[in-house]
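Given next are the chains, with one letter for each unit.
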Amino acid sequence: LAASQVAGDTYTGFNQPGIFFGGFVNLNVSPRSSFQMELEFFQKGSKKNPEPEKNDYDDYHFRANYVELPLLYQFIFLDWFKMEIGPSAGFLISANEDMNGEKISENYDWNKPAAVTLQFNLGMHIHLFNNFSLNFRTNNSLLNIRSQKRTGDVRRFWGYGQYHDSLVLSIFYTFRKKGE
């Protein structure tokens, strides 16, 4: 389960729900650390609901579907608790944007590199029971997702723009090797 926003689009808050699912492989490199590579489908975007009590009747939805490939370093604190950090590459597979139910076509000013994005991930992984674990992470774009400057653009490492920010809560099931 993901909640996301577009930093810089002036619609604040992690209001856009999305789906997050995929698979992973994990390699222990020492008793206290491991690397994990994942392949996942990730829905991101932004949403603004009307607020009639404030005379605001606009309804806005922006949805972007990505296939992401994170590479995470995990530090194992306890048998049941890990912290993780690492980059991920995202590949845009589809997007749509609408205001008050009408498609906004003129806003498809994607950065050509934004079809392939780079994110930073930070999270924690908690072993629950048997082969199930709970994972909570933040996933933040490092590259601007639009090519034109817009009202509300924010500054990140490489300049001003709009960026995907997501909070993800997921349940992992681990298939273990025979004998583990």
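Residues numbered from 1 in each chain as written. Predicted model: local features only at pLDDT ≥ 70, side-chain atom pairs only at ≥ 80, totals over all residues. Heavy atoms only, no water.

**Focus: the packing of aromatic side chains**
Inference 1: Scanning all chains against the criterion turns up 10 aromatic pairs.
Inference 2: Seen in terms of ring centroids, F77 and F81 are 5.8 Å apart; in terms of plane orientation they differ by 40 degrees. Their pairing is tilted.
Inference 3: Aromatic side chains Y173 and F175 sit 5.0 Å apart centroid to centroid with 80 degrees between the ring planes, which places their arrangement in the edge-to-face category.
Inference 4: On the basis of relative accessible area, Y173 is assigned to the partly exposed category, the value being 39%.
Inference 5: Judged by its relative accessible area of 72%, F175 falls in the exposed class.
Inference 6: Ring pairing ties together the aromatic residues F75, F77, W80 and F81, which thus form one cluster.
Inference 7: For the cation-ring pair, K44 lies above F42, with the distance from its terminal atom to the ring centre recorded as 4.7 Å. (Phe/Tyr/Trp six-rings, centres within 6.5 Å; stacked < 30°, edge-to-face > 60°. Buried < 20%, exposed > 50% of the residue type's maximum accessible area, 1.4 Å probe, protein only. Lys NZ or Arg CZ within 6 Å of the ring centre and 35° of its normal.)

**Focus: the pattern of salt bridges**
Inference 1: Applying the stated criterion to the full structure yields five salt bridges.
Inference 2: Measuring nitrogen to oxygen at the nearest pair gives 2.6 Å for the salt bridge that ties K44 to E68. With K44 in strand 4 (residues 33-48) and E68 in strand 5 (residues 60-78), the pair connects residues that are 24 residues apart, well separated along the chain. The same class applies to K44 as to E68, namely buried.
Inference 3: In this structure, R137 and E84 form a salt bridge, with 3.0 Å as the shortest nitrogen-oxygen distance. (Salt bridge = Lys/Arg side-chain N within 4 Å of Asp/Glu carboxyl O. Helix = DSSP H or I, 4+ residues; strand = E, 2+ residues; numbered from the N terminus.)

**A closer look at the environment of G159**
Inference 1: Along the chain, the position of G159 falls in strand 11 (residues 159-161).
Inference 2: Taking relative accessible area as the criterion, G159 reaches 11% and is therefore assigned buried.
Inference 3: In this structure the C-alpha to C-alpha distance between G159 and N144, which are 15 residues apart in sequence, comes to 8.0 Å.

**Structural notes on unusual backbone geometry**
Inference 1: In this structure, N130 takes a positive phi of about 45 degrees despite not being glycine.
Inference 2: A relative accessible area of 62% means that N130 is categorised as exposed.

**A short note on the confidence of the model for the chain**
Inference 1: For the chain, mean pLDDT is 84; residues scoring 70 or higher make up 86% of the total.
Inference 2: When pLDDT is averaged over each element of the chain, strand 9 (residues 132-141) comes out on top at 93 and strand 10 (residues 154-156) at the bottom at 65. (pLDDT = per-residue confidence, 0-100.)

**A short note on the side chain of T117**
Inference 1: For T117, the position within the fold is in strand 8 (residues 116-129).
Inference 2: Given the relative accessible area of 3%, T117 is considered buried.
Inference 3: For T117, the side chain forms a polar contact with the side chain of Q119, separated by 2.4 Å.
Inference 4: Apart from the residues lying within four places of it in its own chain, the contact partners of T117 are Y66, S88, A89, G90 and L143. (Polar contact = N/O pair within 3.5 Å; in protein donor to acceptor, adjacent residues only side chain to side chain. Contact = heavy atoms within 4.5 Å.)

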